[in-house]
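Descriptive structure summary
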Amino acid sequence: MNNFVYCNPVKIVFGKGSIAELKELLPANKKIMMIYGGGSIKANGVYDQVLDAAGGRKITEFAGIEANPLYETCMKAVEIIKRENITFLLAAGGGSVIDATKFIAAASLYAGSDPWDILKTGGQCLKSALPFGTVLTLAATGSEMNPNSVISRAKTQEKLAFASPAVYPQFSILDPETLYSLPGRQIANGIVDTFVHVMEQYMTYDNNAPLQDRQAEAVISTLLELSPHVFEEPEDYDLKANLMWCSTQALNGLIACGQPQDWSTHMIGHELTAFYGLDHAQSLAVVLPSLWRCRKEFKKQKLLRYAKRIFNIDTGCPGRDVDEAINKTEEFFHSVKVPTKLSDYGVDAKEAAEKVRDRFNARKVAHGERAEITGDVAYEILAGCK
Ligand code: NZQ
Ligand code: ZN
């Protein structure tokens, strides 16, 4: 097991009716801005619950954060924050709204000349950010309990991530009832994203960390068990509660402790979203199976473990091996109606492979647990997603 430091300062307030807790959680002496997306919180009652809990306090609103939030939109919020001396932010929405709020919180206090540098340095240059809390409405990213944010820039067709302890939320409210209004596509996206988050921290090589391996497998097994039913029973509270907690646990840093991590599916996926507009989870469903097929020899130890533990595949039997586990993973994505080929999204695989290869090469980056996913390897992975 590798050395690690683990500190997660996010206060989680979980359960039915928990938005009312905002009354105590919102700081009394701060000027607050509430940040949200395209209006789903108005349709599902979350907006009214937040304002009720705020009890008549004056709250400035910033609406219109898009899915895959744009730098350009975030900078408009930063302008208002500076002009109106806002000192506390409240995100109400999914990963996009929370990620945007993290970037806005950071850019509002950033002393450098170009806030895009926060993204270009992956957050390395960041020292402070405005404090903020969140009300989560979509189970997927784990952004509610982690220090990560992913921001896109329309002008340059880029999608970059940053991470910094300065952007942990102070608190996150997780009321599973907010998930009742989610369309099937977003529930499916959340399931695939959660699944792949676990895999980025698990499907590497054996590192003598059986507890973390079993914690990861627990999230995956629970997710596989819940998945068919969350679509059948949209207002089953316990199903939504368990789904929500799985997503948070998948990316709050716990299962990564002392473990090697991959993240190349995400890095390639972000390019597919930046160039072709695929939903985040759609991009992951395309990349992951092909990446595993290409890197099978390097991931064999863990693929074998995964085959046995998750799908009960007896890999000792002739004809039963890791390929079966990869096929079953792809079938799982199909079972929640998330397609896994670039052609399913009208994207030419060769063109996408070339674009991503050129971008990785220009940035001189290599991803993955062994830093072996170079531009050329990314080309091979995407060319296999036809
Ligand atoms: O715009 P609104 O009205 O908020 O509608 C959203 C949006 O259209 C809607 N929605 C959210 N909650 C709803 C709802 N509709 C009905 N009922 C509800 N309760 O769903 C749509 C998608 O929302 P979005 O926030 O974009 O989805 P998600 O939570 O999947 O976030 C995706 C973003 O997070 C980033 C992704 O790259 C992408 O930009 N990620 C962030 C991570 C992190 N911070 O750690 C990790 C992830 O790997 C990921 O990269
Ligand atoms: Zn993700």
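Residues numbered from 1 in each chain as written. Chains lettered and ligands numbered in written order. Predicted model: local features only at pLDDT ≥ 70, side-chain atom pairs only at ≥ 80, totals over all residues. Heavy atoms only, no water.

Right, let's get into the sheet that holds strand β5 (residues 132–136). A sheet is described by the order of its strands in space; here six strands give the open sequence β1-β8-β5-β4-β2-β3, paired in parallel fashion. Each of the sheet's edge strands pairs with one partner strand only, and the pair in question is β1 (11–14) and β3 (59–62). The sheet shows a mean angle of 20° between the axes of neighbouring strands, direction not considered. Pairing of strand β2 (residues 32–36) with β3, which is carried by four bridges, proceeds in the parallel orientation. (Pairing = 2+ DSSP bridges. Helix = DSSP H or I, 4+ residues; strand = E, 2+ residues; numbered from the N terminus. Axes fitted to C-alpha atoms, helices over the stretch in contact; angles between N-to-C directions.)

Before going further, it helps to examine the coordination of the zinc ion (ligand 2). Taken together, the protein ligands of the zinc ion (ligand 2) are D193 (OD), H197 (NE2), H266 (NE2) and H280 (NE2), with distances of 2.0 to 2.2 Å. In the primary sequence, the donor residues of the zinc ion (ligand 2) line up as D-x3-H-x68-H-x13-H. Taken together, the residues D193 in helix α7 (residues 184–202) and H280 in helix α11 (residues 280–294) connect sequence positions 87 residues apart. Accessibility assignment for this pair places D193 and H280 in one class, buried. (Donors = N, O, S within 2.8 Å, 3.2 Å for Na, K, Ca; no water. Buried < 20%, exposed > 50% of the residue type's maximum accessible area, 1.4 Å probe, protein only.)

This brings us to the pairing of strand β7 (residues 158–163). With six bridges joining them, strand β6 (residues 148–153) and β7 adopt antiparallel strand pairing. Directly across from N148, in β7, lies its bridge partner A163. Joining the antiparallel neighbours β6 and β7 is a turn of four residues, in which Q157 adopts a positive phi near 50°.

Another point: the packing of aromatic side chains. Note on aromatic pairs: each is described by the distance of the centres and the angle between the planes. As enumerated under the stated definition, the model contains 12 aromatic pairs in all. Of the aromatic side chains, those joined through ring pairs into one cluster are Y71, F103, W116 and F162. One cation-aromatic arrangement involves K302 over Y202; the distance from NZ or CZ to the ring centre is 4.4 Å. (Phe/Tyr/Trp six-rings, centres within 6.5 Å; stacked < 30°, edge-to-face > 60°. Lys NZ or Arg CZ within 6 Å of the ring centre and 35° of its normal.)

Each assigned domain of the protein is listed here: domain 1 (11–178) and domain 2 (184–383). Taken together, the contacts link 26 residues of domain 1 with 23 residues of domain 2. Between domain 1 and domain 2 lies a buried interface of about 2000 Å² when both sides are counted; carbon and sulfur atoms form 62% of it. Ranking the residues of domain 1 by area buried against domain 2 places Q157, K159 and P176 at the top, with a combined share of 28%. At the junction of domain 1 and domain 2, the tally comes to one salt bridge. Salt-bridge contacts for E158 lead to R363; the nearest nitrogen and oxygen are separated by 3.9 Å. (Domains from an automatic or database assignment. Contact = heavy atoms within 4.5 Å. Buried area = accessible area lost by both parts, 1.4 Å probe. Salt bridge = Lys/Arg side-chain N within 4 Å of Asp/Glu carboxyl O.)

So, on to the site of ligand 1. Around ligand 1, a shell composed of 32 residues is seen, among which G38, G95, S96, D99 and K159 lie nearest. The separation between a nitrogen atom of ligand 1 and a polar side-chain atom of T137 is 2.8 Å. Between ligand 1 and S143 there is a distance of 3.2 Å, counted from a nitrogen atom to a side-chain nitrogen or oxygen. Here ligand 1, which alone exposes 960 Å², has 89% of that area covered by the protein. If you list the elements that add at least two residues to the shell around ligand 1, you get α5 (95–109), β6, α7 and α10 (264–276). Here the shell around ligand 1 is built from residues that sort into eight nonpolar, 21 polar and three charged. (Near = heavy atom within 4 Å. Polar contact = N/O pair within 3.5 Å; in protein donor to acceptor, adjacent residues only side chain to side chain. Areas by Shrake-Rupley, 256 points an atom, 1.4 Å probe, with all protein chains shown as cover. Nonpolar A, V, L, I, M, F, W, Y, C, P; charged D, E, K, R; others polar.)

In this section: unusual backbone geometry. Even without being a glycine, K337 presents a positive backbone phi close to 65°. Relative to the helices and strands, K337 resides in the loop between α13 (322–335) and α14 (349–363). On the accessibility criterion, K337 (73% relative accessible area) is exposed. Phi angles above zero are rare outside glycine, and A371 is one such case at about 50°. Within the secondary structure, A371 is located in the loop between α14 and α15 (375–383).

This next bit is on helix α3 (residues 46–54). Burial in α3 covers these residues: V46, Y47, V50, A53 and A54. The arc enclosing the buried residues of α3, seen along the axis, measures out at 135°, which places them on a common side. Buried-residue contacts for α3 involve α1 (22–25), β2, α2 (40–43), β3, β4 (88–93) and β5. Positive backbone phi, at 55°, marks G55, one or two positions downstream of α3. (Arc of directions from axis to C-beta.)

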